[in-house]
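The primary structure of each chain is shown beneath.
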Amino acid sequence: MPAGTEKPKATEIERALRQSEERFRRVVESAPNAMVMIDGSGRIDMVNTQTERLFGYRREELLGQPIEVLVPERFRGHHPGLRLSFFADPNSRPMGAGRDLYGLRKDGSEFPVEIGLNPIETDEGVMVLSAIVDLSGRKRLEDRFKRLVEFAPNAMVMINDQGRIEMVNAQTEVLFGYGRGELLGQPVEILVPARLRERHPELRRSFFTDPKSRPMGVGRDLYAVRRDGTEFPVEIGLNPIETDEGLMVLSSIVDISERKQREQVIQEALKEKDILLGEIHHRVKNNLHIIHSLLDLQSARIADTSVQEMLRESQNRLRSMALIHQTLYESKDFAGVDFATFLDTLIPTLISSYGIDPFRITLSIQAEDVKLPINLAIPCGLMVNELVSNALKHAFPDHRSGAITVTVRSEPNTSGSGEQVVLGVSDDGVGIAAGVDIDTSGTLGLRLVLLLTDQLHGVLDIHRADPTRFTITFPLTEERKVR
């Protein structure tokens, strides 16, 4: 023994052991779970306060009693054998792994428990310290979850990470035509059409790689298959569920056959409506062309040039309306006229109608992608017809050269709500004489522009020269209907 050291006295060792034992008892006593220690014969050697609360016994009623006093009678016959097997191989482990365990209170009521077993070396030999957890709350939640799933209005299927069915509800049996026993333990692909089964395991594995609640197959049509082999369209919601057996996925499956049928009926109705609208626009266009041709025949019989001019202007107005219906007829969208396309067709027709040399007067179109409903497109088309015709007739006398510009754009409404359209026709011709009063002008074209501007609930701005410019601003939203 090294110099300066002395052998510890027996009393010091005993005191250290007592302190260690006291510390152990305090830890057990203050544990949040029931703690019960039994000896090799299965008798209770120690309990803590939580045991008294959980089982309803006083401490003195339990000490020295066989542990089976806390075990329901229906399990007592097997319990001594299980206890002896633990003492034969004492190591820390949960009791009854894979089995439902129950405790018995003094009042005779049973409750579900989890029990952890830990061997303890003592002076009296090996004892076992049991940590007992009351699972009543968890069981209630599990039972509530199962009831919610069982009576859910949709089919509910829970699968494990191997893709095997662990649980189904009553609606699953109704929807797929299987008995519950025929589905449990089967791969979920039994509910997937054969033509889609090859890819399904890969999709399933991708969900378990990134488990989060989401709809399945976004953007794809999903189908399921019944026991009789019939397929039907479905929507599926996926929800990861943490369980004692690991992560599982709970699928909520909705049969959308009726919805698909309704959608099909709606699509067919819309298709028929589109065909009907197209036919209407086609017939209106043809009728306007017939009227145009009748006016043309009438014009050939009249010698008065002023009357011929009036008939030609009426023909141009008819042509403008016919072009709008033709644009709609050739469009896939009957909700709005592509006004840029309309202008590209109308303007060259007007130049040709007046026999203007396109090298003398050039015409420019600056149109954004603006679509107008037909009740706005027709008055706008007529206004462009009138203003361009007016410029062609009066802006360039004595064979002057020049340019006419038509612009159309949409922009935020100055009132702060919705959008407005700005339509403009300008030219670099001689301008409007200072003595001409636009509001009282006798020309039909300008009166039409004023009337149509008012019809659109718009505002007309006129710049008389350098350049001459007519600008009509009107709301594109429903606001224009309320005035």
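Computed from a prediction, not measured in an experiment: that's the story for all the values here.

Attention shifts here to the nonpolar core. Formed by 40 residues in total, the largest nonpolar core has its most connected members in F339 and V384. In terms of residue count, helix α13 (residues 374–394) provides more of this core than any other element does, 10 residues in total. Among residues more than four places away in sequence, those in contact with V384 are F339, L343, L346, I347, S389, V406 and L423. Judged by nonpolar contacts, the second largest core, of 22 residues, contains I165, M216, L222 and L238.

Attention shifts here to the pairing of strand β12 (residues 246–255). Pairing geometry for strand β7 (residues 155–159) and β12, over five bridges, is antiparallel. Bridge pairing links M158 to L250 in β12. With 10 bridges connecting them, strand β11 (residues 231–243) and β12 associate as antiparallel partners. For L238, the partnering residue across the bridge sits in β12 and is S251.

Strand order in the open sheet made by the five strands is β14-β16-β17-β19-β18, with mixed pairing throughout. Here the strands that pair on one side only, and so sit at the sheet edges, are β14 (361–367) and β18 (459–463). Strand-to-strand, the axes of this sheet are offset by a mean angle of 10°, without reference to chain direction. In this sheet, strand β17 (residues 419–427) lies alongside strand β16 (residues 402–412) in antiparallel orientation, the contact comprising nine bridges. Paired with E411 across the strands is Q420, a residue of β17. Across the sheet, α13 is in contact with β14, β16, β17 and β19 (468–475); its angle to β17 comes to roughly 15°.

Thresholds applied
- For every chain, the first residue of the written sequence is number 1, and numbering continues from 1 along that sequence.
- For a predicted model such as this one, the threshold for reporting local features is a pLDDT of at least 70, and the threshold for listing and counting side-chain atom pairs is 80 or more; totals across whole chains, interfaces and linings nevertheless cover every residue.
- The side-chain quantities take in all heavy atoms of the structure and omit both hydrogens and water.
- Here the nonpolar core consists of buried residues drawn from Ala, Val, Leu, Ile, Met, Phe, Trp, Tyr and Cys, with membership extended through side-chain atoms lying within 4.5 Å.
- Throughout, exposure labels follow a simple rule: accessible area from a 1.4 Å probe, protein chains only, divided by the maximum for the residue type, with under 20% read as buried, over 50% as exposed, and the rest as partly exposed.
- Numbering goes from the N terminus for both helices and strands, where a helix is a DSSP run of H or I of at least four residues and a strand is a run of E of at least two.
- A contact between two residues is defined here by any heavy atoms of the two lying within 4.5 Å.
- At least two bridges found by DSSP between two strands are what make those strands a pair.
- Think of each axis as a best-fit line through the C-alpha atoms, taken over the contacting stretch in the case of a helix, with angles from 0 to 180 degrees between the N-to-C directions.

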